[in-house]
Amino acid sequence: MADSRAASRYVKSLLGLAVEKNALEAVHTDMQLLSKICNENRAFELMLTNPIIKHDKKRDILEKLFQGKMNALTLSILDILTRKNREPLLPAIAREFHTAYNVYKGIGKASITTAIPLDAKLRGEFETIVKQLTEKKQVELTEKVDKDMIGGFVLNVGDRQIDASIKNKLKALKVNFSYNPYIKEF
């Protein structure tokens, strides 16, 4: 809990500084790269959170990995965090920065689960639906394919869920068939 609060404070500061320095897009790209590396490479994330590895060694590793590949502002934040012994927060900061970026830019977020991959036309229709529901100008749509769904879709937008899947309709039908008003229950 305390770590997420600390991470959100760093994210807020980094976002404000990136906007001030006109480097928001570059810092966002850098944070997505860092988040992707943490998600795909468990050893890297464990290295960041390992208390046995010295902070100077972690700073050297981060510098060698990202020197020339990241914006100077991002590199300076990485340096500050490692000097303050806060590098275990880096994965959380990278993930939360994307959310803060979306809020700042007014980008809505939604996820869609379907039985088959979406084509461009369907993706556009779902984006239009999400734009209407969220009143946002842009939409970030995460797609998942679930072969067990049979057909239809499940759309999650914020705390709303639109379940138009055949699997759900079959389950509702089964519940309706299990209720028989003509048999007297004891």
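The rules behind the values
- Residues numbered from 1 in each chain as written.
- Predicted model: local features only at pLDDT ≥ 70, side-chain atom pairs only at ≥ 80, totals over all residues.
- Heavy atoms only, no water.
- Helix = DSSP H or I, 4+ residues; strand = E, 2+ residues; numbered from the N terminus.
- Polar contact = N/O pair within 3.5 Å; in protein donor to acceptor, adjacent residues only side chain to side chain.
- Contact = heavy atoms within 4.5 Å.
- Core = buried A, V, L, I, M, F, W, Y, C linked by side-chain atoms within 4.5 Å.
- Buried < 20%, exposed > 50% of the residue type's maximum accessible area, 1.4 Å probe, protein only.
- Patch = residues over 30% accessible without salt bridge, like charges linked within 9 Å, V, L, I, M, F, W, Y side chains within 5 Å.
- Areas by Shrake-Rupley, 256 points an atom, 1.4 Å probe, with all protein chains shown as cover.
- Salt bridge = Lys/Arg side-chain N within 4 Å of Asp/Glu carboxyl O.
- Domains from an automatic or database assignment.
- Buried area = accessible area lost by both parts, 1.4 Å probe.
- Phe/Tyr/Trp six-rings, centres within 6.5 Å; stacked < 30°, edge-to-face > 60°.
- Pairing = 2+ DSSP bridges.
- Axes fitted to C-alpha atoms, helices over the stretch in contact; angles between N-to-C directions.

Student: I keep staring at the side chain of Lys58 and nothing clicks. Help me out?
Tutor: Tracing the sequence through the fold places Lys58 in helix H4 (residues 55-66). Here Glu87 takes part through its side chain, which lies 3.3 Å from a polar atom of the side chain of Lys58. Excluding residues within four positions of it along the chain, Lys58 makes contact with Met47, Leu48, Thr49, Asn50, Ile53 and Glu87.

Student: Mind showing me how you'd approach the nonpolar core here?
Tutor: The nonpolar side chains of a soluble globular protein tend to be buried, and buried together. In this structure, Val27, Leu34, Phe44, Phe66 and Phe97 are the most contacted members of the largest nonpolar core, which totals 31 residues. For this core, the secondary-structure elements that each account for two or more residues are helix H1 (2-20), helix H2 (24-40), helix H3 (42-49), H4, helix H5 (72-83) and helix H6 (90-105). Counting nine residues, the second largest nonpolar core, distinct from the first, contains Ile112, Leu118, Phe126 and Val130.

Student: I tried to follow a nonpolar patch on the surface on my own but got confused; where do I start?
Tutor: Side chains of Ile150, Ile166, Leu170, Leu173 and Phe177 sit close together on the surface and give an oily, nonpolar patch of about 520 Å² of accessible area. Within the fold, Phe177 resides in helix H8 (residues 166-178).

Student: Could you clarify how one ought to interpret the domain arrangement of the protein in this entry?
Tutor: The accessible area lost on association of the parts is a frequent measure of interface size. Each assigned domain of the protein is listed here: domain 1 (1-103) and domain 2 (106-178). The distance between the C-alpha centroids of domain 1 and domain 2 comes to 32 Å. Counting residues at the interface gives four residues for domain 1, matched by four residues for domain 2. Taken together, the two surfaces of domain 1 and domain 2 that pack against each other cover about 340 Å², and 33% of this comes from carbon and sulfur.

Student: I tried to follow the pattern of salt bridges on my own but got confused; where do I start?
Tutor: Side chains bearing opposite charge may pair, as long as their charged atoms lie close to each other. As enumerated under the stated definition, the model contains six salt bridges in all. Close ionic contact of Glu87 with Lys58 constitutes a salt bridge, the shortest N to O distance being 3.3 Å. You can see Glu87 sitting in the loop between H5 and H6 and its partner Lys58 sitting in helix H4, a full 29 residues away along the chain. Judged on exposure class, the residue Glu87 and its partner Lys58 are both buried. Salt bridges linked by common partners bring Asp56, Arg59, Asp79 and Arg83 together as one network.

Student: What am I meant to see in the packing of aromatic side chains here?
Tutor: Aromatic ring pairs are described here by two measures, namely the spacing of the ring centres and the angle between the planes. One pass over the structure, following the stated rule, counts two aromatic pairs. Geometrically, the ring pair formed by Phe44 and Phe66 is edge-to-face, given 6.4 Å between the ring centres and 90 degrees between the ring planes. With a gap of 22 residues between them, Phe44 in helix H3 and Phe66 in helix H4 connect regions that are remote in the sequence. A relative accessible area of 1% places Phe66 in the buried class.

Student: Just to check I follow, could you spell out the sheet that holds strand S3 (residues 153-157) for this structure?
Tutor: For sheets, the rule is that strands pair by backbone hydrogen bonds, running either parallel or antiparallel. Spatial strand order, S2-S1-S3-S4: four strands in an open sheet with mixed pairing. Strands at the two margins of the open sheet, each flanked by one partner only, are strand S2 (138-145) and strand S4 (160-163). Going from strand to strand, the sheet's axes swing by 15 degrees on average, the running direction of each strand aside.

Student: Explanation requested: the side chain of Thr82 in the structure shown.
Tutor: Within the secondary structure, Thr82 sits in helix H5. Residue classification places Thr82 among the buried residues on the basis of a relative accessible area of 1%. In terms of polar contacts, Thr82 uses its side chain to reach the backbone carbonyl oxygen of Asp79, at 2.9 Å. Beyond its immediate chain neighbours, meaning those up to four positions away, Thr82 contacts His55, Arg59, Leu62 and Glu87.

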